[in-house]
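These are the residues of each chain, in order.
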Amino acid sequence: MTGFKSDFLRTLSERGFIHQVSDESGLDDLFAKETVTAYVGYDATATSLHIGNLISATMLHWLQETGHRPIALMGGGTSMVGDPSFRDEQRKLLTAEAIEENIAGIKKIFARILRFGDGPTDAMMVNNADWLLKLNYVEFLRDVGRHFSVNRMLSFDSVKIRLDREQSLSFLEFNYMIMQGYDFVELSRRHDCRLQMGGSDQWGNIINGVDLGHRMGTPQLYALTTPLLTTSSGAKMGKTAQGAVWLNGDLFSPYDFWQFFRNTEDADVGRFLKIFTRLPLDEIARLEALGGQEINEAKKILATEAAAIVHGRAAAEEAAETARKTFEEGALAETLPTIAISKSELAAGAGLLALVVQAGLAGSNGEARRHVQGGAVRINDEAVTDPQTVLSDKDVKDGVVKLSVGRKKHVLVRPE
């Protein structure tokens, strides 16, 4: 469906967020005539969200900007089980203390993305532990479990793939989709929530909630998912040599976050500007049309605007200035990512390959060796081609050693 009546769905459509909707016309009518409450669920499996979560969190932002009420649901209860979707094995079971610590880390990002309060369109943060951990299991089976068809649950891709590979799917994990479906019913009852949003891999789980609501007498519920985000070269977006692109600065620095977007492929600039920034569409169209070396200016704007949302405007502009000094002036910026190494280790001789890996500039010694042999590695801006190179005290300049891979990846090694 195109030409949505509601500001919210039209905004999502124009910016490339929509993959599937359970009832487009019905949901569009609902948004056009009343204030709608919608939610996205986030399991607390780490102390930070990652860049894939930023897409759904941004949908909550646009929901609020177009006059509706967002709910960020923390999975304090579901995290005790773990989502089995498209995983080869069961997630590591987390303690209640670890889950609480993870939720505390996740909350930090939402303060920048959503406006919280008591108004009709102010965001809410809710924890499904409030109801899931209080359930009577036998009553839950009778009242909720009876509405789920095992035959249908076995047909979901997330389950079929696991079984087709003859990989174990525990009864604990099988309960996850029932719990997630029940979340939707509870949010409908408690907060008149009508829509659940998420990534395309969550479609089956979300539809379970829609169907459960119908069977348990809620108002009509709806589902909306975003497409799996890949780069124009076909790679899944959000992976680097250091691992996931986390949203909390203690796991992935604002500078690294800025650089991640600065390194966007030319063909992806317009699409990522629509999804990861709040720039007007006419300005995005102008930036997307830039060619040649000018596209790099669009990439810098993308990097700064995306970093401002996640880390704040000051941190984003500092990262941009650090990059400008490093790449355009050749200066050794103090705000480059830094790792520590003991003075005794450096005095004894520190292997280059191990340092490149420790700095997050390569994922393994083998990858680091290939970078060195290919001439991509530099120590204090001097190229190194011998994988057996050892760093020592003599490499320290102004209290640090500048380690680089390629033109855009730099880390300072500081003896302590």
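Computed from a predicted structure; not experimentally measured.

Notes on a nonpolar patch on the surface
Here comes step 1: Judged by side-chain polarity, Y137, L141 and F171 come together as a nonpolar surface patch covering roughly 330 Å² of accessible area.
Here comes step 2: Looking at the element boundaries, Y137 is found in helix α6 (residues 137-143).

Thoughts on helix α10 (residues 176-191)
Three or four residues apart is the spacing at which side chains of an α-helix point the same way, because the helix has 3.6 residues per turn.
Here comes step 1: Over its 16 residues, α10 extends 22 Å from the first C-alpha to the last, a length consistent with the 22 Å expected when each residue adds 1.5 Å.
Here comes step 2: In terms of burial, α10 is a largely internal element, 14 of the 16 residues being buried.
Here comes step 3: Within two residues after α10, D192 carries a phi angle of roughly 55°, on the positive side.

Overview of the packing of aromatic side chains
Here comes step 1: Here the structure, examined in full by the defined rule, presents eight aromatic pairs.
Here comes step 2: Relative to F110, the ring of Y42 lies with its centre 5.2 Å away and its plane at 65°, an arrangement referred to as edge-to-face. Here the residue Y42 occupies a position in strand β2 (residues 37-43), and F110 occupies one in helix α4 (residues 96-113), the gap between them amounting to 68 residues.
Here comes step 3: Relative accessible area serves as the criterion here: at 0%, F110 is assigned to the buried category.
Here comes step 4: Consider the rings of F272 and F276, whose centres lie 5.8 Å apart with planes at 85°: the pair is edge-to-face. Residue F272 and its partner F276 are located together in helix α13 (residues 269-276), separated by four residues, close to a single helical turn. The pair formed by F272 and F276 is uniform in burial state, with each residue classed as buried.
Here comes step 5: An aromatic cluster is built from F257, F260, F261, F272 and F276, whose rings are joined through pairwise contacts.

A short note on unusual backbone geometry
Here comes step 1: The backbone phi angle of D192 is positive, close to 55°, even though this residue is not glycine.
Here comes step 2: The topology assignment puts D192 in the loop between α10 and β5 (193-199).
Here comes step 3: Residue class for D192 comes out partly exposed when judged on its relative accessible area of 40%.

Thoughts on the sheet that holds strand β9 (residues 338-341)
Here comes step 1: Pairing is mixed across the open sheet formed by five strands, whose spatial order is β9-β15-β14-β11-β12. The open sheet is flanked by β9 and β12 (382-383), the only strands paired with a single partner.

Section: the pairing of β5
Here comes step 1: Summarising burial for β5: six of the seven residues are buried, a large majority.
Here comes step 2: Here three bridges tie β2 to β5, and the two strands are oriented parallel to one another. Looking across to β5, one finds that A38 is bridged to L195.
Here comes step 3: Viewed along the sheet, the connection from β5 through helix α11 (residues 203-215) into strand β6 (residues 222-226) turns out right-handed.

Some details on the sheet that holds strand β4 (residues 124-127)
Here comes step 1: Pairing is mixed across the open sheet formed by six strands, whose spatial order is β1-β6-β5-β2-β3-β4. Looking at the sheet topology across the chains shown, the edges are occupied by β1 (20-21) and β4.
Here comes step 2: Pairing of β5 with β6 involves five bridges; the strand directions are parallel. When the bridges of β6 are listed, G199 appears paired with T226.
Here comes step 3: In this fold helix α3 (residues 51-65) packs onto β2, β3 (69-75), β5 and β6, with an angle of close to 160° to the strand it touches most, β2.

Basis of the calculations
Residues numbered from 1 in each chain as written. Predicted model: local features only at pLDDT ≥ 70, side-chain atom pairs only at ≥ 80, totals over all residues. Heavy atoms only, no water. Patch = residues over 30% accessible without salt bridge, like charges linked within 9 Å, V, L, I, M, F, W, Y side chains within 5 Å. Areas by Shrake-Rupley, 256 points an atom, 1.4 Å probe, with all protein chains shown as cover. Salt bridge = Lys/Arg side-chain N within 4 Å of Asp/Glu carboxyl O. Helix = DSSP H or I, 4+ residues; strand = E, 2+ residues; numbered from the N terminus. Expected span 1.5 Å × (residues − 1). Buried < 20%, exposed > 50% of the residue type's maximum accessible area, 1.4 Å probe, protein only. Phe/Tyr/Trp six-rings, centres within 6.5 Å; stacked < 30°, edge-to-face > 60°. Pairing = 2+ DSSP bridges. Right-handed = clockwise from strand over helix to strand, strands pointing away. Contact = heavy atoms within 4.5 Å. Axes fitted to C-alpha atoms, helices over the stretch in contact; angles between N-to-C directions.

All we've got here are geometric facts, nothing functional implied.
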